[in-house]
Amino acid sequence: MPKLTRGMAAKLRWLLEMEYTPAEIARELGITPKTIKRSYLTAGAPYRRDSRGRVFIVGTHFYQWAEQYAMARSRKRQGYRPMQDEEAYCTRCNKAVVMQSPRIDGYDSRGVANKSGRCPDCGGRIFRFIQTSREQAGADDQPYQLP
């Protein structure tokens, strides 16, 4: 599968309704013409060959294909949901879990707090940065003391 990002596809927006050679398209994307021929054309990019075997790509058709291809590759995985306020990501379990005995560890100058707790599954320490202010923090949120 060729790597085609949304940013690369956006560069193709200005291509006209005319035929380009793979070298001209490659120059726009900042890649080599071999990448166009080996990767993009075999991945399904629209093109035509003339009687002498030369490859031509219609600019607007290639842009539409590239935009759909890049969007399909960058879609979020199915079942994604943002974490709730009481959750944090456990790197041992590789999942979002509800923190046990969460505490606010400290604040920085912008009001961002480090909230830490324990994973209910593996018992490891888990952390999460939250945007809050000292006034919004509850009275029970005391700095965590190391054992």
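Structure first, text after, so check above.
Residues numbered from 1 in each chain as written. Predicted model: local features only at pLDDT ≥ 70, side-chain atom pairs only at ≥ 80, totals over all residues. Heavy atoms only, no water.

**Structural notes on the sheet that holds strand β8 (residues 125–131)**
Then comes step 1: An order of β6-β7-β8 is seen for the 3 strands of this open sheet, with the pairing classed as antiparallel. Unpaired on one side and paired on the other, β6 (100–107) and β8 mark the two borders of the sheet. The average angle at which neighbouring strand axes cross in this sheet is 25°, direction not considered.
Then comes step 2: Where strand β7 (residues 112–118) and β8 come together, 7 bridges link them in antiparallel fashion. Residue pairing across strands places Asn114 opposite Phe129, the latter belonging to β8. (Pairing = 2+ DSSP bridges. Helix = DSSP H or I, 4+ residues; strand = E, 2+ residues; numbered from the N terminus. Axes fitted to C-alpha atoms, helices over the stretch in contact; angles between N-to-C directions.)

**A short note on the packing of aromatic side chains**
Then comes step 1: This model, assessed by the stated rule, comprises 3 aromatic pairs.
Then comes step 2: Summarising the aromatic geometry, the rings of Phe62 and Trp65 are spaced 5.7 Å apart at their centres and angled 35° between planes, so their arrangement reads as tilted. Residue Phe62 and its partner Trp65 are both found in helix α4 (residues 59–74); the two are separated by 3 residues, about one turn of the helix. Each of the two residues, Phe62 as well as Trp65, counts as buried.
Then comes step 3: Site record: aromatic cluster; members linked through ring pairs are Tyr40, Phe62 and Trp65. (Phe/Tyr/Trp six-rings, centres within 6.5 Å; stacked < 30°, edge-to-face > 60°. Buried < 20%, exposed > 50% of the residue type's maximum accessible area, 1.4 Å probe, protein only.)

**Quick look at the nonpolar core**
Then comes step 1: Formed by 21 residues in total, the largest nonpolar core has its most connected members in Leu12, Ile25, Ile36, Tyr40, Phe62 and Trp65.
Then comes step 2: For this core, the secondary structure elements donating two or more residues are α1 (6–11), α2 (22–29), α3 (33–40), β3 (55–58) and α4.
Then comes step 3: The biggest single contributor to this core is α4, with 6 residues.
Then comes step 4: Every residue in contact with Leu12, bar those within four places of it in the chain, is listed here: Ile25, Glu28, Leu29, Phe62, Tyr63 and Ala66.
Then comes step 5: Ala88, Cys90, Met99 and Ile126 belong to the second largest nonpolar core, which has 6 residues in total. (Core = buried A, V, L, I, M, F, W, Y, C linked by side-chain atoms within 4.5 Å. Contact = heavy atoms within 4.5 Å.)

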